[in-house]
Amino acid sequence: MVNWKTNERQAVTSVWASIDAAGHGQETLERLLHVYPWTRRYFGKFGDLSTFNAIRQNPHVRTHGAKVLGAIAECLNHMDNIRGHLAQLSILHSDTLHVDPANFNLLGKCLLIVLAKSVGAGFTPDVHAACHKLMVEIADGLSRQYH
Amino acid sequence: MVLWKPTERQAVTSIWAKIDAEGHGQDTLERLLIVYPWTRRYFDTFGDMSSSEAIHQNPKVRAHGKKVLSAIGECINRMDDIKGYLAPLSILHSDTLHVDPENFHLLGNCLIIAIAASFGEAFTPDVEAAFHKLMAVISAGLSRQYH
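None of these values were measured; they are calculated from a predicted model.

1. Details of the nonpolar core
Argument step 1. Judged by nonpolar contacts, the single largest core of 89 residues is most densely connected at A:Trp16 and B:Phe131.
Argument step 2. A per-element tally of this core places helix α6 (residues 102–119) of chain B first, with 11 residues.
Argument step 3. Not counting chain neighbours up to four residues away, the residues in contact with B:Phe131 comprise B:Ala11, B:Val12, B:Ile15, B:Trp16, B:Ile112, B:Ile115 and B:Phe123.

Structure representation (structure tokens):
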């Protein structure tokens, strides 16, 4: 079970208040697909992901990015039981999507970078640590039902 | 041997031209010590690092951050033989400092986040990819002489 300190909850909720699921979601997914190119293999149905410009203009990337960030935002409403909240999504990623769980950490890294860029000086080491903890919890929750 | 595309070299050198070894060095090391708290065990001689505030005010953290970023700057001046340049530092980290090489990767993450927070929109996915590659090469160079 995860213990959240008050200042960690506060840091995460205040950062999230400034998040735009569509714009930041697209940017996060773009970075994942560009910096870690093997992740493109999970998105065969998206069409052209062959260059950075293709990724940037791909409407599926924008839609899916918004979906992922929406799901992460929903985790904030269940911070004391992220694991339980993500159980169904974990089964989906394991049994249907067959995603290597290492990739959840990579997405977390990309999202932290997008948050840092967006929040700027306000992304202090303490805020960074709280958001990093959230990413670790989400990656753990998504991996938990793998067998 | 690492092959650098001209766009990658440019991305790295143009960002580095605006890096402040002291300020960004302190920011990077603070993030490492706060987000990955076990790393504090490598810096016993630094005195009080028991809280974020203590770390932020610790003059040895500031001085050491500057040292680390200066060394990274030297790597950027020798991008075609980072491995060779880092050989003595690798031996030092292995035989004298006994640092688990996994931590080089963590410092790389912290530097990337410090740059993202500082440079904002200028930290494009292409720049991110170039820095990710640079930090991977530096981590590899620092790990190479371990035995």
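Once the structure has been displayed, the description carries forward.
2. Re the interface of chain B and chain A
Argument step 1. Taken together, the contacts link 22 residues of chain B with 21 residues of chain A.
Argument step 2. Its largest share of buried area at the contact with chain A, chain B owes to B:Ile113, B:Pro125 and B:Glu128, together 30% of the area lost on that side.
Argument step 3. Across the chain B-chain A interface, the total number found is two salt bridges.
Argument step 4. Joining chain B to chain A, the criterion identifies nine residue pairs in polar contact (both at pLDDT 80 or more).
Argument step 5. Among the elements of the structure, α2 (21–35), α6 and α7 (125–143) of chain B are those that each provide at least two residues to the side of chain B that touches chain A.
Argument step 6. Counting residues per element, the side of chain B that touches chain A draws most heavily on α6(B), which supplies six residues.
Argument step 7. Of the residues assigned to the side of chain B that touches chain A, the class counts are 10 nonpolar, six polar and six charged.

3. Details of helix α7 (residues 102–119) of chain A
Residue and element names in this part refer to chain A.
Argument step 1. Between its terminal C-alpha atoms α7 stretches 26 Å, which fits the 26 Å expected from 18 residues at 1.5 Å a residue.
Argument step 2. For α7, the buried fraction is high: 13 of the 18 residues fall into the buried class.
Argument step 3. At the exit of α7 stands Gly120, carrying a positive phi of roughly 65°.

Cut-offs used in this document
Residues numbered from 1 in each chain as written. Chains lettered and ligands numbered in written order. Predicted model: local features only at pLDDT ≥ 70, side-chain atom pairs only at ≥ 80, totals over all residues. Heavy atoms only, no water. Core = buried A, V, L, I, M, F, W, Y, C linked by side-chain atoms within 4.5 Å. Buried < 20%, exposed > 50% of the residue type's maximum accessible area, 1.4 Å probe, protein only. Helix = DSSP H or I, 4+ residues; strand = E, 2+ residues; numbered from the N terminus. Contact = heavy atoms within 4.5 Å. Buried area = accessible area lost by both parts, 1.4 Å probe. Salt bridge = Lys/Arg side-chain N within 4 Å of Asp/Glu carboxyl O. Polar contact = N/O pair within 3.5 Å; in protein donor to acceptor, adjacent residues only side chain to side chain. Nonpolar A, V, L, I, M, F, W, Y, C, P; charged D, E, K, R; others polar. Expected span 1.5 Å × (residues − 1).

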